[in-house]
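So the chains spell out like this:
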Amino acid sequence: MRVRVVVAAAMLALAGPLILAPSSAAGPGDPVVAARQASMKEMAAAARAIAEMFDRKRAYEPAAFKQAADTLNARAGALIGEFPHGTLGAPSAAMPEIDDARPEFEALARHIGRLADALAAKAGNAPAAITADMRMTGPPMDGGSLLGKRPGAAEADPAKMPAEHLLHLILQDCTSCHSKFRRKTE
Ligand code: HEC
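Nothing here was measured: the structure is a model prediction, and the numbers come from that model.

Draft legend 1. Focus on helix H3 (residues 62-78). The terminal C-alpha atoms of H3, which comprises 17 residues, lie 24 Å apart, in line with the 24 Å expected from a rise of 1.5 Å per residue. Buried residues of H3: Phe 65, Ala 68, Ala 69, Leu 72, Asn 73 and Ala 76, and no others. Angular distribution of buried residues about the axis of H3 spans 135°; they occupy a single face of the element. When the buried face of H3 is taken as reference, the exposed residues oriented beyond 90 degrees from it are Ala 63, Gln 67 and Gly 77. Contact partners of the buried residues in H3: helix H2 (31-54), helix H4 (102-123) and helix H5 (163-181).

This is the structure in structure tokens:
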């Protein structure tokens, strides 16, 4: 009896630091945080390049369109794995709430991944100049972004949407995720 208590106490002492291991926060300079921030910047640069081509602020070039769409697709596809437990909260801008809302976070990441996939497929067959059928005709609609979706609204097939429309839906997903899961820094 006595022995068992002593052993239990010893084990508790050993396990102590593990049990008490705090928080889900990353330390300063955590390479996982640095990598995902770089990945986000790359994704932002790619999205901006495509938006500027459609807005005629930058020369449209099929090869450049494809390259940007491939980058966007690769970065969006990697999103889910870039926010492991233990890397959330300050000094990163990733909110600790991601840990409590994994299904929602991952659904958003998969949603943007599907859209980016469809955009990359289109960019792989991009014509020499932007054609009318690549352009969006009305406001972006697929039942809205994932979070703002009307209940029961059917999800349109991304493969059937014009490239510009896909881009706008992708940008909505960036905003949806940031407004929920990214700490405002200023
Ligand atoms: C599923 C959620 C999610 C999606 C989708 C998402 N982001 Fe982010 N983004 C985050 C989070 C969380 C952070 C904060 C990361 C950190 O500081 O560790 C972030 C940070 C950023 C940053 C700042 C990076 C830095 O240097 O600190 C930029 C820029 C960015 N995102 C752009 C985008 C763009 C552009 C898109 C869409 C094409 C996008 N994000 C889509 C969650 C998301």
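Draft legend 2. Structural detail: the coordination of the iron atom of the ligand. Distances from the iron atom of the ligand to its protein donors, Met 40 (SD) and His 178 (NE2), fall within 2.0 to 2.4 Å. What the six donor atoms of the iron atom of the ligand show is an angle range of 84 to 179° at the metal, which sorts the shape as octahedral. You can see Met 40 sitting in helix H2 and its partner His 178 sitting in helix H5, a full 138 residues away along the chain. Given the relative accessible area of 29%, His 178 is considered partly exposed.

Draft legend 3. Here's a closer look at the pattern of salt bridges. Summed over all chains, the structure comprises seven salt bridges. For Arg 75, the salt bridge goes to Glu 82, with nearest N and O atoms at 3.4 Å. We classify Glu 82 as buried; its relative accessible area is 12%. The salt bridge involving Lys 160 is made with Asp 157; its shortest N-O contact spans 3.6 Å.

Draft legend 4. Local environment of the packing of aromatic side chains. Counted according to the given criterion, the structure contains four aromatic pairs. Plain terms: the ring middles of Phe 54 and Phe 65 are 5.9 Å apart, the flat faces sit at 80° to each other, and that makes the pair edge-to-face. Linking Phe 54 in helix H2 with Phe 65 in helix H3, this pair joins segments that are 11 residues apart in sequence. The same class applies to Phe 54 and to Phe 65, which are both buried. Consider the rings of Phe 83 and Phe 105, whose centres lie 5.0 Å apart with planes at 70°: the pair is edge-to-face. Pair noted here: Phe 83 is in the loop between H3 and H4 and Phe 105 is in helix H4, with a separation of 22 residues, a long-range link. Taken together, the ring pairs in this structure connect Phe 54, Tyr 60 and Phe 65 into an aromatic cluster.

Draft legend 5. A look at the site of the ligand. Around the ligand sit 22 residues, and of these Met 40, Ser 92, Cys 174, Cys 177 and His 178 come closest. The side chain of Gln 37 places a nitrogen or oxygen atom 2.8 Å from an oxygen atom of the ligand. Ala 93 is positioned with one of its backbone polar atoms (N or O) 2.8 Å from an oxygen atom of the ligand. Going through the elements one at a time, H2, H4 and H5 are the ones with two or more residues in the shell around the ligand. At seven residues, H2 tops the list of elements feeding residues into the shell around the ligand. A class-by-class count of the residues in the shell around the ligand yields 15 nonpolar, three polar and four charged.

Draft legend 6. Structural context of the layout of surface pockets. In this model, the largest pocket occupies a volume close to 540 Å³. Taken together, 26 residues make up the lining of the largest pocket; nearest its centre are Arg 36, Met 40, Phe 83, His 178 and Arg 182. Among the secondary structure elements, those contributing two or more residues to the lining of the largest pocket are H2, H4 and H5. Here the element with the most residues in the lining of the largest pocket is H2; it accounts for eight residues. Here the lining of the largest pocket is built from residues that sort into 19 nonpolar, three polar and four charged.

Conventions and cut-offs
- Residues numbered from 1 in each chain as written.
- Predicted model: local features only at pLDDT ≥ 70, side-chain atom pairs only at ≥ 80, totals over all residues.
- Heavy atoms only, no water.
- Helix = DSSP H or I, 4+ residues; strand = E, 2+ residues; numbered from the N terminus.
- Expected span 1.5 Å × (residues − 1).
- Buried < 20%, exposed > 50% of the residue type's maximum accessible area, 1.4 Å probe, protein only.
- Arc of directions from axis to C-beta.
- Contact = heavy atoms within 4.5 Å.
- Donors = N, O, S within 2.8 Å, 3.2 Å for Na, K, Ca; no water.
- Tetrahedral: all angles 85-135°; square planar, octahedral: opposite > 155°, others 65-115°.
- Salt bridge = Lys/Arg side-chain N within 4 Å of Asp/Glu carboxyl O.
- Phe/Tyr/Trp six-rings, centres within 6.5 Å; stacked < 30°, edge-to-face > 60°.
- Near = heavy atom within 4 Å.
- Polar contact = N/O pair within 3.5 Å; in protein donor to acceptor, adjacent residues only side chain to side chain.
- Nonpolar A, V, L, I, M, F, W, Y, C, P; charged D, E, K, R; others polar.
- 1 Å grid on protein atoms, 1.4 Å probe; cavity = no way out; pocket = protein on both sides within 12 Å on 5 of 7 lines; lining within 4 Å.
- Points joined across faces, edges and corners; volume = space filled by probe spheres on them.

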